[in-house]
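# Chain and residue survey
Here is what each chain is made of, one letter per residue.
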Amino acid sequence: MTTRDIYITKMKLQLDELNLQMAKLEARAQEAREDVRDTYKAEMAKLHQQSELAKAKLAEMQASTESAWDNMVAEMDKVRDAFVHSFRYFKSQI
């Protein structure tokens, strides 16, 4: 397995885990008081958007050439870090 394959596999696992945790938070948010539920829904929509962006970036990485690989890794790390940061912030608010 190449370094590229290992990175892609690791990133996919991280994103899958975040999405799983996000689903659990979404279930908890449904149990929240009605007055805060709308806020949670809006924040969850943002998280879903970041998740989709991360998935798209991962797919782009998988199709990238070797010459574009280093730039793609840096971009993917930024997308993942933003997603993780948003997720942790949202989680701290529930």
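See above for the structure.
Quick summary incoming for the structure in this document. Treat the numbers as computed from the prediction; the structure is a model and nothing was measured.

## A look at the nonpolar core
Formed by 24 residues in total, the largest nonpolar core has its most connected members in Y7, L15, L47, M61 and M76. Elements represented by at least two residues in this core include exactly α1 (3-30), α2 (34-63) and α3 (69-93). Take this core: its biggest share by element is nine residues, from α3. The residues contacting L15, other than those within four sequence positions of it, are A54, K55, L58, M76 and F83.

## Focus: α3
Counted at 1.5 Å a residue, the expected span for α3 with its 25 residues is 36 Å, and the 36 Å between its end C-alpha atoms agrees. When α3 is considered as a whole, its buried residues turn out to be W69, M72, V73, M76, V79, R80, F83, V84, F87 and F90. Turning to α3, the residues buried within the fold contact α1 and α2.

## Details of the packing of α1 against α3
Each pair of packed helices can be summarised by the angle the axes make with each other and by the distance between the axes. Here α1 crosses α3 at 20°, and the two axes come no closer than 11 Å. The angle between α1 and α3 falls in the class roughly parallel. For the pair α1 and α3, the sense of crossing is left-handed. Across the interface between the two elements, R4, Y7, I8, M11, Q14, L15, L18, N19, Q21, M22 and L25 of α1 pack against W69, V73, M76, D77, R80, F83, V84, F87, F90 and K91 of α3. Residues belonging to the contact of α1 with α3 are distributed by class as follows: 14 nonpolar, three polar and four charged.

The rules behind each value
Residues numbered from 1 in each chain as written. Predicted model: local features only at pLDDT ≥ 70, side-chain atom pairs only at ≥ 80, totals over all residues. Heavy atoms only, no water. Core = buried A, V, L, I, M, F, W, Y, C linked by side-chain atoms within 4.5 Å. Buried < 20%, exposed > 50% of the residue type's maximum accessible area, 1.4 Å probe, protein only. Helix = DSSP H or I, 4+ residues; strand = E, 2+ residues; numbered from the N terminus. Contact = heavy atoms within 4.5 Å. Expected span 1.5 Å × (residues − 1). Axes fitted to C-alpha atoms, helices over the stretch in contact; angles between N-to-C directions. Parallel < 35°, antiparallel > 145°, perpendicular 65-115°, else oblique. Left-handed = near helix turned anticlockwise from the far one by under 90°. Nonpolar A, V, L, I, M, F, W, Y, C, P; charged D, E, K, R; others polar.

The analysis is restricted to geometry; functional conclusions fall outside its scope.
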